[in-house]
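Listed here are the chains, written in short residue letters.
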Amino acid sequence: QVKLVESGGGLVQAGGSLRLSCAASGITSNINVMGWFRQAPGKQRDVVATVERGGSTTYADSVKGRFAISRDNAKNTVYLQMSSLNPEDTAVYYCYAHHFGTGYWGQGTQVTVSS
């Protein structure tokens with residue numbers, strides 16, 4: 001079992017930055033993929049960025065060049081540095097971890113970008 005706890009969401013003005021963190025606890029050995037998804041009101045949950053244990057990353061086209069995902073395997077923590085935020089980035093952001101064929105989700109953290 002893996003537990004994920006996010007932090008770092010909040011309200012920011014357009015053009016600003018935020019850094020999200022997600023700490024994994026429980027059975028954390030060999031967590032391969034960790035990542036961030038987001039869900040805006042009335043929309044489906046979409047992937048934002050992922051990072052493999054070895055450091056390979058992927059990004060949604062909408063955030064390329066603005067967001068950066070990283071992870072600290074020693075701390076079982078994944079980060080999402082978000083810059084040049086715009087109102088379209090407003091959503092609940094969820095941390096995700098894939099461990100031995102099972103996906104785990106955090107409780108979500110709200111990010112609101114005001115224009």
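Residues numbered from 1 in each chain as written. Predicted model: local features only at pLDDT ≥ 70, side-chain atom pairs only at ≥ 80, totals over all residues. Heavy atoms only, no water.

Chemist: Looking at this structure, I do not really get the pattern of salt bridges. What am I missing?
Modeler: Side chains bearing opposite charge may pair, as long as their charged atoms lie close to each other. For the coordinates displayed, the defined rule picks out three salt bridges. A salt bridge links Lys 64 to Asp 61, with the shortest nitrogen-to-oxygen separation between them at 3.1 Å. Across the pair Asp 89 and Arg 66 runs a salt bridge whose closest N-O atoms are separated by 2.8 Å. Of the two residues, Asp 89 sits in the loop between strand 8 (77–82) and strand 9 (91–99) while Arg 66 sits in the loop between strand 6 (57–59) and strand 7 (67–72), which places them 23 residues apart along the sequence. For Arg 66, a relative accessible area of 16% corresponds to the buried category. (Salt bridge = Lys/Arg side-chain N within 4 Å of Asp/Glu carboxyl O. Helix = DSSP H or I, 4+ residues; strand = E, 2+ residues; numbered from the N terminus. Buried < 20%, exposed > 50% of the residue type's maximum accessible area, 1.4 Å probe, protein only.)

Chemist: Whenever I open this one, the nonpolar core confuses me. Can you help?
Modeler: Across soluble globular proteins, you tend to see nonpolar side chains buried next to one another. Counting residues in each nonpolar core, the largest one holds 28 residues, and the members touching the most others are Leu 4, Met 34, Trp 36, Leu 80, Met 82 and Tyr 93. Those elements giving two or more residues to this core turn out to be strand 1 (2–7), strand 3 (18–26), strand 4 (33–39), strand 5 (46–52), strand 7, strand 8, strand 9 and strand 11 (109–114). (Core = buried A, V, L, I, M, F, W, Y, C linked by side-chain atoms within 4.5 Å.)

Chemist: I keep staring at the environment of Gln 110 and nothing clicks. Help me out?
Modeler: With respect to the helices and strands, Gln 110 occurs in strand 11. When its relative accessible area of 39% is taken as the criterion, Gln 110 is described as partly exposed. Remark: the alpha-carbon pair of Gln 110 and Ala 91, spanning 19 residues in sequence, is separated by 6.1 Å. If near-sequence neighbours (up to four positions away) are discounted, Gln 110 is found in contact with Gly 9, Gly 10, Thr 90, Ala 91 and Val 92. A distance of 3.4 Å separates a polar side-chain atom of Gln 110 from the backbone oxygen of Ala 91. (Contact = heavy atoms within 4.5 Å. Polar contact = N/O pair within 3.5 Å; in protein donor to acceptor, adjacent residues only side chain to side chain.)

The values reported here are purely geometric and, on their own, carry no functional implication.
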